[in-house]
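Secondary and tertiary structure notes
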Amino acid sequence: GQNIDQPTEMTATEGAIVQINCTYQTSGFNGLFWYQQHAGEAPTFLSYNVLDGLEEKGRFSSFLSRSKGYSYLLLKELQMKDSASYLCAVEGGSTLGRLYFGRGTQLTVWP
Amino acid sequence: ETGVTQTPRHLVMGMTNKKSLKCEQHLGHNAMYWYKQSAKKPLELMFVYSLEERVENNSVPSRFSPECPNSSHLFLHLHTLQPEDSALYLCASSQGRGDEQFFGPGTRLTVL
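So, here's what we can say about the structure.

The secondary structure content of chain B amounts to 0 helices and 11 strands. Ordered by position in the sequence, the α and β elements of chain B form the string β-β-β-β-β-β-β-β-β-β-β. Here chain B has a C-alpha radius of gyration of 13 Å; the compact-globule value for 112 residues is 13 Å, and the two agree. Projecting the C-alpha coordinates of chain B onto the three principal axes gives extents of approximately 35 × 30 × 30 Å. Sequence separation of 24 or more characterises 52% of the internal contacts of chain B that already satisfy a separation of 6 or more. In the form shown here, chain B has an accessible surface area of approximately 5,200 Å², with 48% of it arising from carbon and sulfur atoms. Mean positive and mean negative side-chain charge positions of chain B (11 and 11 charges, respectively) differ by 9 Å.

To continue, consider the state of the cysteines. Counted under the stated rule, the structure contains 2 disulfides over all chains. The disulfide partner of Cys22 of chain A is Cys88 of chain A, and the S-S distance across this bridge is 2.0 Å. Residues Cys22 of chain A and Cys88 of chain A are joined by a disulfide whose S-S torsion is about -70°; by sign, that bridge is left-handed. With Cys22 of chain A in strand S3 (residues 18-25) and Cys88 of chain A in strand S9 (residues 84-91), this pair connects stretches of sequence that are 66 residues apart. Cys23 of chain B shares a disulfide with Cys91 of chain B; S-S distance 1.9 Å. An S-S torsion of about -70° defines the bridge between Cys23 of chain B and Cys91 of chain B as left-handed. In this pair, Cys23 of chain B sits in strand S3 (residues 18-25) while Cys91 of chain B sits in strand S9 (residues 87-94), placing the two residues 68 residues apart along the sequence. No disulfide involves Cys68 of chain B; its nearest neighbouring cysteine sulfur is the one of Cys91 of chain B, lying 9.1 Å away.

In a beta sheet, neighbouring strands are held together by backbone hydrogen bonds and run either parallel or antiparallel to one another. All names here are of chain B. The sheet built from 4 strands is open, its strands ordered S1-S3-S8-S7 with antiparallel pairing. Looking along the sheet, the strands with just one partner apiece sit at the ends: strand S1 (4-7) and strand S7 (64-70). The average angle at which neighbouring strand axes cross in this sheet is 20°, direction not considered. Across 4 bridges, S1 lies against S3 in antiparallel orientation. The partner of Thr7 across the bridge, within S3, is Lys22.

With 25 residues of chain B at the contact, the number on the chain A side is 20 residues. Across the chain B-chain A interface, the total number found is 0 salt bridges. Taken together, the links from chain B to chain A amount to 2 residue pairs in polar contact (both at pLDDT 80 or more). Secondary-structure elements contributing two or more residues to the side of chain B that touches chain A are strand S4 (31-37), strand S5 (44-50), strand S6 (53-57) and S9 of chain B. For the side of chain B that touches chain A, the leading source of residues is S4 of chain B, giving 4 residues.

Rules used in this analysis
- Numbers given to residues run from 1 along each chain, matching the order in which its sequence is written.
- As they are written, the chains are lettered A onward and the ligands numbered 1 onward, keeping that order.
- Residues qualify for local features only when their pLDDT is at least 70, as the model is predicted, and side-chain atom pairs are given and counted only at 80 or more; totals for whole chains, interfaces and linings, by contrast, use all residues.
- With hydrogens and water stripped out, all remaining heavy atoms of the structure feed into the side-chain values.
- A helix here means a DSSP run of H or I that spans at least four residues, while a strand means a run of E at least two residues long, and both kinds are numbered starting from the N terminus.
- Radius of gyration: over C-alpha atoms. The globule rule applied is 2.2 Å multiplied by the number of residues raised to the 0.38 power.
- Note on definitions: a residue-residue contact is assigned when non-hydrogen atoms from the two residues lie within 4.5 Å.
- Per-residue and other accessible areas were derived by the Shrake-Rupley procedure at a 1.4 Å probe size, with only the shown protein chains allowed to occlude residues.
- The charge count includes Lys and Arg as positive and Asp and Glu as negative, but it does not include His or the ends of the chains.
- Here the site of a charge means atom NZ of a Lys, CZ of an Arg, CG of an Asp or CD of a Glu.
- Sulfur atoms of two cysteines make up a disulfide when they are within 2.5 Å.
- Strand pairing follows a simple DSSP-based rule, namely that at least 2 bridges must link the two strands.
- With axes taken as lines fitted to C-alpha atoms, and helix axes fitted only over the stretch in contact, angles between N-to-C directions fall between 0 and 180 degrees.
- Here a salt bridge means any side-chain nitrogen of Lys or Arg lying within 4 Å of a carboxyl oxygen belonging to Asp or Glu.
- Pairs of N or O atoms are called polar contacts if they sit within 3.5 Å, as long as, within protein, a hydrogen donor faces a hydrogen acceptor (for residues adjacent in sequence, only side-chain-to-side-chain pairs).

Scope: geometric values only; no functional claims are made or implied.
And the structure:
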């Protein structure tokens, strides 16, 4: 079966750095996505990794190790608006765009 | 209008009702998806359409019936639902493998 694991909740303070980990076991691998979802809103795309290494995009970075089945999302200079659920998703299997999602990590940023 | 739109945004229905959810994408994408999001559970893929052809039906009960008349529109027809079907139903679209999926705002469905 498919298994995507990430912590349920994390807290941090404004200006800090937080790392959200994701481990996965899937039958195929075509890349790993991170999405942000604010309460009551649609998920929005943050990052995509298909090769090992670090992808940096402003305050957000994402890392992938395919051999370890591991990824993390790094958020720097945290702001209150970063309080949201962060979803790890792996594209696997043979179906176009077939994403397997984790349960999401609810991040709360305190002042 | 841009992106992915969904209507209605909220729906309350009885178990004997028939209703439909509508999704429209203005991004020129080839693939469209229906997801179900319940509290404390991962996003669950329900259906995938690629170029208007259903390519995946993820063991969804027959009381949910999708329809994709063209590459821009996707419907989810609902009939004789159960209270446990209450959830947020999200539509998404993408261009292809390895491309990000763009999500609509969702329909919050409550089955009484």
